[in-house]
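Each chain is listed here by its residues.
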Amino acid sequence: VQLQASGGGLVQAGGFLRLSCAASGRTFSSYAMGWFRQAPGKEREFVAAISWSGGSTYYADSVKGRFTISRDNAKNTVYLQMNSLKPEDTAVYYCAADLSIATIHYEYDYWGQGTQVTVSS
């Protein structure tokens with residue numbers, strides 16, 4: 001499956017962005033999807049994940065209550081709505097796909113190219 005992330009940009013603290021990840025190739029609805037992020041000099045960290053049906057979601061504690069992951073299987077797209085953004089949310093955000101939902105990056109087989117999110121204070 002091929003993944004294409006988009007929607008990043010520059011936003012002030014307290015603002016919002018919505019990231020999208022469009023999938024092509026194999027059956028999107030068979031895959032759990034995850035969002036990860038990586039800031040300069042830091043390891044890639046889990047942000048959110050959603051099961052193939054959308055019935056189960058998981059969030060990192062740092063984004064819980066501010067970010068929402070969702071998916072539209074008819075559009076082969078997963079979204080990450082990010083509200084109340086903070087400067088520490090600044091990172092490159094990646095979407096990933098795997099047959100099993102997970103919160104660890106090395107458990108995902110397919111990755112998008114990343115989209116930059118910068119939150120100014």
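So, a few notes on the structure that sits alongside this text. Source: prediction; values computed, not measured. (Residues numbered from 1 in each chain as written. Predicted model: local features only at pLDDT ≥ 70, side-chain atom pairs only at ≥ 80, totals over all residues. Heavy atoms only, no water.)

Some points on the nonpolar core
Part 1 of the reasoning: With 36 residues, the main nonpolar core has Met33, Trp35, Leu80, Met82 and Tyr93 as its most contacted residues.
Part 2 of the reasoning: Counting residues per element, the ones that place at least two in this core are strand 1 (2-6), strand 3 (17-24), strand 4 (32-38), strand 5 (45-50), strand 7 (67-72), strand 8 (77-82), strand 9 (91-98) and strand 11 (115-120). (Core = buried A, V, L, I, M, F, W, Y, C linked by side-chain atoms within 4.5 Å. Buried < 20%, exposed > 50% of the residue type's maximum accessible area, 1.4 Å probe, protein only. Helix = DSSP H or I, 4+ residues; strand = E, 2+ residues; numbered from the N terminus.)

Quick look at the sheet that holds strand 1
Part 1 of the reasoning: Strand order in the open sheet made by the four strands is 1-3-8-7, with antiparallel pairing throughout. A single partner strand is all that each edge strand has here, and the edge strands are strand 1 and strand 7. Mean inter-strand twist for the sheet, computed between neighbouring axes without regard to direction, equals 15°.
Part 2 of the reasoning: Alignment of strand 7 against strand 8, held across six bridges, turns out to be antiparallel. From the neighbouring strand, Asp72 faces strand 8, where its bridge partner is Thr77. (Pairing = 2+ DSSP bridges. Axes fitted to C-alpha atoms, helices over the stretch in contact; angles between N-to-C directions.)

Comments concerning the pattern of salt bridges
Part 1 of the reasoning: Throughout the structure, instances matching the rule amount to four salt bridges.
Part 2 of the reasoning: One salt bridge in this structure joins Arg37 and Glu45, with 2.6 Å as the shortest N-O distance.
Part 3 of the reasoning: The residue Arg66 makes a salt bridge to Asp89 at a minimum N-O spacing of 2.7 Å. Residue Arg66 is located in the loop between strand 6 (57-59) and strand 7, and its partner Asp89 is located in the loop between strand 8 and strand 9; the two are separated by 23 residues in the primary sequence.
Part 4 of the reasoning: The network of salt bridges with shared partners includes Arg37, Glu45, Arg66 and Asp89. (Salt bridge = Lys/Arg side-chain N within 4 Å of Asp/Glu carboxyl O.)

Comments concerning the environment of Asn83
Part 1 of the reasoning: Mapped onto the fold, Asn83 is located in the loop between strand 8 and strand 9.
Part 2 of the reasoning: We classify Asn83 as partly exposed; its relative accessible area is 31%.
Part 3 of the reasoning: Taking the C-alpha atoms as reference, Asn83 lies 14 Å from Ser70; in sequence the two are 13 residues apart.
Part 4 of the reasoning: Dropping the residues within four chain positions of it, Asn83 is found in contact with Gly15, Phe16, Arg66 and Phe67.
Part 5 of the reasoning: A distance of 2.9 Å separates polar atoms of two side chains, one belonging to Asn83 and the other to Gln81. (Contact = heavy atoms within 4.5 Å. Polar contact = N/O pair within 3.5 Å; in protein donor to acceptor, adjacent residues only side chain to side chain.)

Focus on the environment of Glu45
Part 1 of the reasoning: Structurally, the position occupied by Glu45 is in strand 5.
Part 2 of the reasoning: Taking the C-alpha atoms as reference points, Glu45 and Cys95, 50 residues apart in sequence, are found 12 Å from one another.
Part 3 of the reasoning: Not counting the four nearest positions on each side in its chain, Glu45 is found in contact with Phe36 and Arg37.

The values reported here are purely geometric and, on their own, carry no functional implication.
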